[in-house]
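# Topology and contacts: notes
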Amino acid sequence: MENNKHSYNKVLWSIIGVSFAIKIILAFFLPSEIRSDSYVYHSLAQSIVNTFTYSFEGKLTGVIAPGYSIFLSGLYFVFGPEQFWVKIIQSILEIFTCYLFFKVCLNYFNEKKSLVALSVFTFFPSNILFSQTILTEPLFGFLAILLLFLCLKENLVKYIFLIGLIWGYSILIRSSFAPSILLIPIFLFFYKRKEINLSGVIKYSLLFFLGAFLIISPWLIRNKTVLNTFTIATQGGFTFWSGSNPDATGTWYHKIEESNPLFNVEDEAERDRQFYKLGIDYALHNPHKFLFTGIKKLGYLFSSERMIVLYFTKGDGKESTSTQVYKSVNPLIIALINIPYFIVMSLGLWGLFMLRKKYFFIWGMIFAWLFTFFMFVALARYHYVLIPFFIIGTVYFIYHYKTEFTGIAKWKKATAVLFNLFLLGVWGAEFYLLYFK
């Protein structure tokens, strides 16, 4: 038994070590430009280091949550504003992400199957590539897996305040994670009430919220002081309106900032309120169109891995459209990065439906994420946080479909079939527009 444990540990660290080596090699040899969202994070981090303010292009702002820029500013303070060191530190961080993912998998598999799931996760092409970006995905991915690891513990109430602190910082990295904060009190009420009583549910829920509030509140106070609004990010209004207006496509569309004069309003708080007002008014008067656009948003969310490919292409995106740039990439590279994604997303839901234990937080995080992007706008890179869940589902399906497939409820089978057809429609349309139109 001891020999088996030693053998599994050896394989575990070999997998993680090889993945880390690949990322270090890429840090030296894979060039990338800082542009778009990366430029914003980079500029905000430099502002923190150089002026001790959260400013973009010389103006105090609260347009995006500060969590990742604070992380970057710490690296810039120590190493200077160089992409190389960000890539190195994020690659180191992913050692812990991979290890925690393995520990999470042990809740559903034995050591051998968990190592298989870890291998898929660790060498998943987009996971490797995101470690080389100036984007929120590596840091947020680590915290999301850490939260899942802690929440799956039988004695999670022992860590409830810590979980609140981590949840709060995760929201400061990705404000789109905010709806998920309700998962803890819901879980305590429905799954722990007999064990800790209703008073315990209230006590531990408050302790959890206290932890999250301690992390988030300084930023809210800062925004109230500087911008006169208690908000995590003032981009909420225009991202909501962007997905709830007569021209909404479900994602960011060409020259969107020229389509509404509100984008020119200097007062971020007022701009945020007015955009929310316009978006809500449109949704209330056009519920069928809002619903249809919401489905299109989910289509963009589950579209191909084009954004991670585009991140490492040249150009500023002005001379050519993103589709033209994507089309110019070697099809073999596109296939190498996309085929694993297609397989995992196609099989993952089937396996997730087969899970018989500890599925609340997996499904809870998935639904919270889908709800956010159904309401706002979606980009392909936002499905990054869902990939670990679908990898677990894929591995579970591969190992258990012979014995458990017949036991899946009919409504679950129908849902999985519809989801697969939805994915095929999204990917088929995407590649038809890319290569045949």
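Below or above, wherever it landed, is the structure these notes cover.

Cut-off values and rules
Residues numbered from 1 in each chain as written. Predicted model: local features only at pLDDT ≥ 70, side-chain atom pairs only at ≥ 80, totals over all residues. Heavy atoms only, no water. Helix = DSSP H or I, 4+ residues; strand = E, 2+ residues; numbered from the N terminus. Buried < 20%, exposed > 50% of the residue type's maximum accessible area, 1.4 Å probe, protein only. Contact = heavy atoms within 4.5 Å. 1 Å grid on protein atoms, 1.4 Å probe; cavity = no way out; pocket = protein on both sides within 12 Å on 5 of 7 lines; lining within 4 Å. Points joined across faces, edges and corners; volume = space filled by probe spheres on them. Axes fitted to C-alpha atoms, helices over the stretch in contact; angles between N-to-C directions. Parallel < 35°, antiparallel > 145°, perpendicular 65-115°, else oblique. Nonpolar A, V, L, I, M, F, W, Y, C, P; charged D, E, K, R; others polar. Bend = angle between axes of the 7 residues up to and from the residue. Expected span 1.5 Å × (residues − 1). Salt bridge = Lys/Arg side-chain N within 4 Å of Asp/Glu carboxyl O. Core = buried A, V, L, I, M, F, W, Y, C linked by side-chain atoms within 4.5 Å. Patch = residues over 30% accessible without salt bridge, like charges linked within 9 Å, V, L, I, M, F, W, Y side chains within 5 Å. Areas by Shrake-Rupley, 256 points an atom, 1.4 Å probe, with all protein chains shown as cover. Disulfide = S-S within 2.5 Å.

Counting its regular elements, the protein contains 19 helices and 2 strands. Principal-axis analysis of the C-alpha atoms places the extent of the protein at approximately 65 × 60 × 50 Å. Considering the protein as a whole, with its 437 residues, one finds that 55% of them fall into the buried category. In the protein, of all internal contacts separated by at least 6 residues, the share reaching a separation of at least 24 is 76%.

Tallied over the full model, the rule gives 4 cavities of 30 Å³ or more. Its boundaries defined by the atoms lining it, the largest cavity holds a volume of some 80 Å³. Thr97, Phe121, Asn127, Gly141, Ala144, Ile145, Tyr384, Val385, Pro388 and Phe389 are the residues that line the largest cavity. At the level of elements, α7 (137-151) and α18 (387-404) are the ones that each hand at least two residues to the lining of the largest cavity. For the lining of the largest cavity, the element with the highest residue contribution is α7, accounting for 3 residues.

Right, let's get into the environment of Ile145. Checked against the element boundaries, Ile145 lands in helix α7. Accessibility expressed as a relative area gives 4% for Ile145, which makes it buried. When the C-alpha positions of Ile145 and Phe109 are compared, they lie 17 Å apart, and in sequence the two are 36 residues distant. Residues contacting Ile145, with those up to four places away along its chain left out, are Thr97, Leu100, Phe101, Val104 and Pro388.

Before going further, it helps to examine the packing of helix α9 (residues 183-191) against helix α10 (residues 193-227). In the contact formed by α9 and α10, the axes pass within 8 Å of each other and the chain directions differ by 170 degrees. As far as their axial angle goes, α10 and α9 are roughly antiparallel. Counted together, Ile184, Pro185, Leu188, Phe189, Phe190 and Tyr191 of α9 and Arg193, Ile196, Leu198, Val201, Tyr204, Ser205, Phe208 and Phe209 of α10 form the full contact between these two elements. Taken together, the residues of the contact of α9 with α10 sort by class into 12 nonpolar, 1 polar and 1 charged.

Here we come to unusual backbone geometry. Although it is not a glycine, Ser36 adopts a positive phi angle of roughly 55 degrees. If you trace the backbone, Ser36 turns up in the loop between α1 (2-29) and α2 (37-51). The backbone of Asn197 sits at a positive phi, close to 70 degrees, despite the residue not being glycine. Looking at where Asn197 falls in the secondary structure, it is placed in helix α10.

As a further point, take α18. Of all the bends in α18, the greatest, near 50 degrees, is centred on Ile398. Across the 18 residues of α18, 13 count as buried, placing the element largely inside the fold.

With 26 residues, helix α19 (residues 410-435) extends 37 Å between its outermost C-alpha atoms, agreeing within 8% with the 38 Å of an ideal straight helix rising 1.5 Å per residue. Turning to α19, its buried residues number three or more, namely Ala416, Phe419, Asn420, Leu423, Val426, Trp427, Glu430, Phe431 and Leu434.

This paragraph deals with the pattern of salt bridges. Overall, the coordinates contain 11 salt bridges when judged by the stated rule. Here Arg35 makes a salt bridge to Glu33, at a shortest N to O gap of 3.1 Å. Its relative accessible area of 33% is what places Glu33 among the partly exposed residues. With a closest N to O distance of 2.7 Å, Glu137 and Arg381 form a salt bridge. Placement of the pair is Glu137 in helix α7 and Arg381 in the loop between α17 (360-375) and α18, with a sequence separation of 244 residues. The class for Glu137 is buried, based on a relative accessible area of 2%.

Judged by nonpolar contacts, the single largest core of 137 residues is most densely connected at Trp167, Ile184, Leu301 and Leu386. No other element matches the 12 residues that α7 contributes to this core. For Leu301, the contacting residues outside a window of four places in its chain are Tyr341, Trp369, Leu370, Phe373, Ala378, Leu379, Ala380, Tyr382, His383 and Leu386.

A grouping of Leu182, Ile186, Phe189, Phe190, Tyr191, Leu198, Ile202, Leu206, Phe209 and Tyr359 is seen on the molecular surface, where their side chains present a nonpolar patch of about 970 Å² in accessible area. Those elements that place two or more of their residues in the nonpolar patch are α9 and α10. Relative to the elements of secondary structure, Phe209 occurs in helix α10. Taking the relative accessible area as the measure of exposure, Phe209 reaches 30% and is therefore partly exposed.

Glancing now at the state of the cysteines. Applying the stated criterion across every chain, the model contains 0 disulfides. Cysteine Cys98 is unpaired, with the sulfur of Cys105 as its nearest cysteine sulfur at 11 Å.

Glancing now at the layout of surface pockets. When its volume is computed, the second largest pocket comes out at roughly 640 Å³. As for the second largest pocket, its lining consists of 26 residues, of which Leu349, Phe353, Trp363, Phe367 and Thr415 are closest to the centre. Of all elements in the fold, only α13 (287-301), α16 (331-354), α17, α18 and α19 reach the threshold of two or more residues within the lining of the second largest pocket. Considering every element that reaches the lining of the second largest pocket, the biggest residue donor is α19, with 7 residues. Residues that form the lining of the second largest pocket fall into these classes: 21 nonpolar, 2 polar and 3 charged.

Structural measurements only, silent on function.
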